[in-house]
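Summary of the model geometry
Letter by letter, the chains look like this.
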Amino acid sequence: VLGIFMKYRDFGKLDWKVSTLGFGTMRLPVVNEDQSNVDEAEVIRMIRYAIDHDVNYVDTAYPYHGGNSETVVGKALGEGYRERVKLATKMPVWMVNSQEDMDRFLDEQLRKLQTDHVDFYLLHALNRERWPKMQDLNVFEWTENAMADGRIGHLGFSFHDEFEVFKDIVDGYDGWTLCQIQYN
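Residues numbered from 1 in each chain as written. Predicted model: local features only at pLDDT ≥ 70, side-chain atom pairs only at ≥ 80, totals over all residues. Heavy atoms only, no water.

1. Section: the packing of aromatic side chains
Summed over all chains, the structure comprises 14 aromatic pairs. Their ring planes at 40° and their centres at 6.1 Å tell us that Trp16 and Phe120 sit as a pair that is tilted. Of this pair, Trp16 sits in the loop between β1 (8–10) and β2 (17–19) while Phe120 sits in strand β8 (residues 118–126); the two residues are 104 residues apart in sequence, bridging distant segments of the chain. Connected via pairs of aromatic rings, a cluster forms that spans Trp131, Phe140, Phe157, Phe159, Phe166, Tyr173 and Trp176. The residue whose ring lies beneath Lys86 is Trp16, and the NZ or CZ to ring-centre distance is 5.6 Å. Seen from the ring of Tyr62, Lys112 lies directly overhead, with NZ or CZ sitting 4.7 Å from the centre. (Phe/Tyr/Trp six-rings, centres within 6.5 Å; stacked < 30°, edge-to-face > 60°. Helix = DSSP H or I, 4+ residues; strand = E, 2+ residues; numbered from the N terminus. Lys NZ or Arg CZ within 6 Å of the ring centre and 35° of its normal.)

Following this line, the structure appears as structure tokens:
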């Protein structure tokens, strides 16, 4: 049952309503100002509080907090919380040089997140340089296989560049489900 106080919106063409407020894990509480030393107890409390108050979308990424964000998110989504949200994480495309790397990163992320699948997998921070590289590595062939084996539900990308590059990326693949764009 959707929450009484939370507002929800249709999520594109999916048969799912996303809470207007999601939980992003790029900037979490840390210990002693060390960005890699996440305050796990506080973060777990915060994420579970958000879910208990009807947030149904949690977003993380491989490099957040020195690679520790996914681990603490995985812990927070234990005890039945994983089933209550759609989970998104991101492939560190700047670190990928082969489809084997794609598999290695995704499998590591799934282990850290303590799940067998992510609902949304985003190509992280696509831009003018990274987009052609992903095309050359046949990322869509790899993605289709990862979706077929159940590790990925839907594909998206995050973006930090100019409009013309954005248009090239959006028009370059028919299977995008979402895009995260910096908004401020």
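Let's pick the thread back up.
2. Quick word on the pairing of β8
Extensive coverage of β8 is indicated by the burial of 9 of its 9 residues. Note that strand β7 (residues 86–91) and β8 share 4 bridges and pair parallel. Bridge pairing in β8 places Lys90 opposite Leu122. Handedness of the crossover joining β7 and β8 through helix α3 (residues 99–113) is recorded here as right-handed. Across 6 bridges, β8 lies against strand β9 (residues 152–159) in parallel orientation. When the bridges of β9 are listed, Leu126 appears paired with Phe159. (Buried < 20%, exposed > 50% of the residue type's maximum accessible area, 1.4 Å probe, protein only. Pairing = 2+ DSSP bridges. Right-handed = clockwise from strand over helix to strand, strands pointing away.)

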